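# Coordinate analysis (summary)
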Amino acid sequence: MVSPTHYMLLSATLFMIGVFGVLTRRNIIIIFMSIELILNAVNINLMAFSLQWQNSIGQVFTLFVIAVAAAEAAVGLGIILAFYRNKETINIDEMNVMRW
Amino acid sequence: MIDAVVIPILKILIVLNAVLVAVTFMVLLERKVIAWVQVRLGPMRVGPYGVLQPIADVVKLMTKEDITPVKADRWVFTLAPLIALIPALVIFAVIPFGPVVSLFGRQVSLYITDLNVGLLYIVSVASIGVYGIILAGWSSNSKYPLLASLRASAQLISYEVAVTMGLVSMIVTAGTLSMVGIIQAQYNQGVWYAFIQPVAFFIYFVGGLAETNRAPFDMPEAEQELTGGFHTEYSGMRFALFFLAEYANMIVVSTVATTLFMGGWLRPFPNVAALSFLDFVPAWIWFLLKTFVFLYVFLWVRATLPRYRYDQLMRLGWKVLIPLGIANVVVTGALKVLL
Amino acid sequence: MAASFTFYVLAALILLFGVAVVTAKNTVHSVLYLIGDFLAVALLYASMNSLFVAAIQVLVYAGGIVVLYLFVVMLVNLKRPPEEHQDPNRRGTLGGLMVAAVMGELVVIATYNVVRPAPAANAPTPVGFVEPLAMALYADYLIPFEVASMLLLVAMVGAIILARREL
């Protein structure tokens, strides 16, 4: 039987994989993808509790998280493109000036 | 045991094989129809009137050398044709070819499954197919395929929005997401939805042409500009997989259009009792006939219309079809509430 | 039995793809693994009977957002990999240690057994059908829904402004 604990452990592990990516990678696109992994981990938790309490509200929150992730991806990738156009790099260590 | 395992597997095998055979004969039909439009004969050598041409084509493609360019990304290059083909085949799981019939004393439904989110399943699985084209272009490591795949991704994303808008108004009209439920709704209202949703039908069909990269929107594989488009570097069986994917997608678009707009397996005028002699023809034959009409229109359009320019294509998608789709959703919703 | 088997297979897929996303050398391969990860998560939702959310996951994440990533990766066609001048090993160890510490904490929390009663205020509604989800989304959470749609609109305008060539 799959209990909520199973889902929570899966979610925690996926979350930490995402955090590891954010901490160790320098490529900002991969950092963005790690953030998507973190958001997915959150969604797994929400869905698990929605199933546990037999209540749709968790699924509603999952839909909101997906919408926010879409907005985040659009704006974030726009920023990356604008930055790349000016500095010819997507290494996050070189993103250290407030203006140029 | 038989109902749960054997029959679904049999159905899946039958549908897959039927689709693959249909694809090979679609290629022949396409060459013949375009030849007739252009007052030529088309393939005539293999078999009487060239009807065995598909077999010759398959043998040729399978025995050809399968080349991987040296600079290509080997894994992605191999994976891309599969990513293009598999979604097109997976969609057939929810296509309703016919109602529940009794066969050898057993109640058998002529569809593999009926999901309660069937239409959403189709839209979401179809959205995976775009990766096949993007990755094929990127992994070839060659300029024309890369250009084609950038064009293709922009085109497919743009028209996906329009098609989804058209389908949303269909969901509002039918009040269900299930494919079988949509046919039932058309039966209950006694009308094909093509007549009450002509705008959605138009958007869906134009968007379908663009989603399957068919003329006049065959920008991703424009031979004259891109030397073959995203599959320039492909040869042999992997090239054939892209062809399979394109034609399987055409069949998907036609079957979905049949289900949503032409009453699926229902005979014409399903609520007119005087025409009940039409029930003599089995339901699934009606379905296949209507699908065939759509497939023919695909070929007819290709033979008739010249290719759009890229900016014209984008203008049509973003400035005509998407606003039209949104307006259609609003009007449909308002009418649904008011009536 | 079958349910837990499905869960373990999907969980293994999700974690393997996740590890592959953050460790892949090639950014395009990373994006590919991300697609696999999202599809596996969608299958997990489907195994929880939530077909609607599973379909939305595929449609929006795998079919929409990741195409954007792939598009940007291809536009930012890099001459040199950004990790080239780094010392990823030390950072990897440090990051791994931090991650392991927090992970241990999360495991303790997740397996800490506290029996709580179900919240009584919310009447149970069947999960997995579209209608209760729609009622929750458009009746109880209408204002958050409208705010989310505003957010998407603002994000769309912002993305277009940012990506324009001349600011």
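Residues numbered from 1 in each chain as written. Chains lettered and ligands numbered in written order. Predicted model: local features only at pLDDT ≥ 70, side-chain atom pairs only at ≥ 80, totals over all residues.

By contact count, the dominant pairing among the two pairs of chains in contact is that of chains A and C. As for chain B relative to chain A, no contact occurs, and the smallest C-alpha gap between them is 14 Å. (Contact = placed C-beta atoms within 7 Å.)

When pLDDT is averaged along chain B, the result is 84, and 97% of the positions lie at 70 or above. Across chain B, helix α9 (residues 198–211) of chain B holds the top mean pLDDT of 90, while helix α10 (residues 223–226) of chain B sits lowest at 66. (pLDDT = per-residue confidence, 0-100. Helix = DSSP H or I, 4+ residues; strand = E, 2+ residues; numbered from the N terminus.)

Before going further, it helps to examine the packing of helix α1 (residues 4–24) of chain A against helix α2 (residues 28–52) of chain A. Residues and elements named next belong to chain A. Contact pair α1 / α2: the axes reach a minimum separation of 8 Å and the direction vectors enclose 170 degrees. Between α1 and α2, the angle is such that the two are roughly antiparallel. Classifying every residue of the contact of α1 with α2 by side-chain character gives 18 nonpolar, seven polar and no charged. (Axes fitted to C-alpha atoms, helices over the stretch in contact; angles between N-to-C directions. Parallel < 35°, antiparallel > 145°, perpendicular 65-115°, else oblique. Nonpolar A, V, L, I, M, F, W, Y, C, P; charged D, E, K, R; others polar.)

Another aspect to go through is the interface of chain B and chain C. Counting from both sides, the interface comprises 19 residues of chain B and, opposite them, 17 residues of chain C. Broken down by secondary-structure element, the contributors of at least two residues to the side of chain B that touches chain C are α4 (118–126), α5 (130–139) and α6 (143–174) of chain B. With five residues, α4 of chain B is the single largest residue contributor to the side of chain B that touches chain C. Across the side of chain B that touches chain C, the residue classes break down as 15 nonpolar, four polar and no charged.

In this structure, I29 of chain A, A248 of chain B together with A55, V66 and Y69 of chain C are the most contacted members of the largest nonpolar core, which totals 167 residues. Per-element accounting of this core gives the leading share, 18 residues, to helix α3 (residues 51–75) of chain C. Each of two domains, domain 1 (1–81) and domain 2 (129–167) of chain C, supplies a minimum of three residues to this core. Other than its neighbours up to four places away in sequence, Y69 of chain C contacts I29, M33 and L77 of chain A together with V31 of chain C. (Core = buried A, V, L, I, M, F, W, Y, C linked by C-beta atoms within 7 Å. Buried ≥ 20, exposed ≤ 12 C-beta atoms within 10 Å, placed from the backbone. Domains from an automatic or database assignment.)

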